Amino acid sequence: MGGIILSFWFLLAAPCLGQDFAGIGVALNKENGKFVVKQVVPGAPAALSGEIKVNARIIAVAQDDKPAVTTDGLELNVVVQMIRGPKGTVVRLTIASGEKEKAPARIVSLVRGEIKGMTATATLEPGKPAPEIDGEDMDEKRFKLSDYRG
């Protein structure tokens, strides 16, 4: 019986008091040990940059001017915490386009910003539909969260 691997949304607010709701506006899956962009939210910093596309792999993450930390061997929630941060701060992602292992890597700098139409409390509330999440189970079969509605 296969388990479920879920996407994680960077646009969700970090759970720290006093922190503005900010993000880069991508959904990320961990697939075969790699962190893959599954969706880029229109109007969010990632989309506005034009540098991050669906299926890009995130190889490393750096905060402001600090050294980059590789994502190899990390859990999805750890990578999410590395990318999240206060509104107006810079995150640098080392990414490779597509699924090719040997694709050239490049660094993309993004300023975390407000994700329009989203708030930390409105995103996940009791009685409201969850955002669409897709992923693959342990048998590598694709699924959507909405497949399990009801």
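The text that follows walks through the structure, step by step, so that each part is easy to find.

This part is about unusual backbone geometry. A positive phi angle is found at Asn32, which is not glycine, with a value near 50°. Note on placement: Asn32 falls in the loop between strand E3 (26-31) and strand E4 (34-40). Given the relative accessible area of 63%, Asn32 is considered exposed. The phi torsion at Asn55 lies on the positive side, around 80°, for a residue other than glycine. Looking at the element boundaries, Asn55 is found in the loop between helix H1 (45-49) and strand E5 (57-63). Note on Asn55: relative accessible area 28%, which makes it partly exposed.

This part covers the pattern of salt bridges. Applying the stated rule across the entire model yields two salt bridges. Glu31 is the partner of Lys38 in a salt bridge, and the nearest nitrogen-oxygen pair spans 3.3 Å. Glu31 matches Lys38 in its accessibility class, with the two residues each being buried. With a shortest N-O distance of 2.7 Å, Glu51 and Arg106 are connected by a salt bridge. Separated by 55 residues along the polypeptide, Glu51 in the loop between H1 and E5 and Arg106 in strand E8 (residues 105-111) bring together distant segments of the chain.

Along the chain, the position of Thr71 falls in the loop between strand E6 (69-70) and helix H2 (76-83). With a relative accessible area of 3%, Thr71 lands in the buried category. Apart from residues lying up to four places away in sequence, Thr71 is in contact with Phe35, Ile58, Ile59, Ala60, Val61 and Val79.

Definitions and limits used
- Every chain begins its residue count from 1, and numbering advances along the sequence as written.
- Side-chain atom pairs in this predicted model are given and counted only at pLDDT of 80 or more, local residue features only at pLDDT of at least 70, and totals for whole chains, interfaces and linings cover all residues.
- Side-chain figures throughout are based on the complete set of non-hydrogen atoms in the structure, without hydrogens or water.
- A run of DSSP states H or I qualifies as a helix once it reaches four residues; a run of E qualifies as a strand once it reaches two. Both are numbered from the N-terminal end.
- Between buried and exposed lies partly exposed: a residue is buried under 20% and exposed over 50% of the maximum accessible area for its type, with that area taken using a 1.4 Å probe on protein chains only.
- Between Lys or Arg on one side and Asp or Glu on the other, a salt bridge is scored when a side-chain nitrogen of the former is within 4 Å of a carboxyl oxygen of the latter.
- Whether two residues are in contact is decided by their heavy atoms, any of which lying within 4.5 Å being enough.

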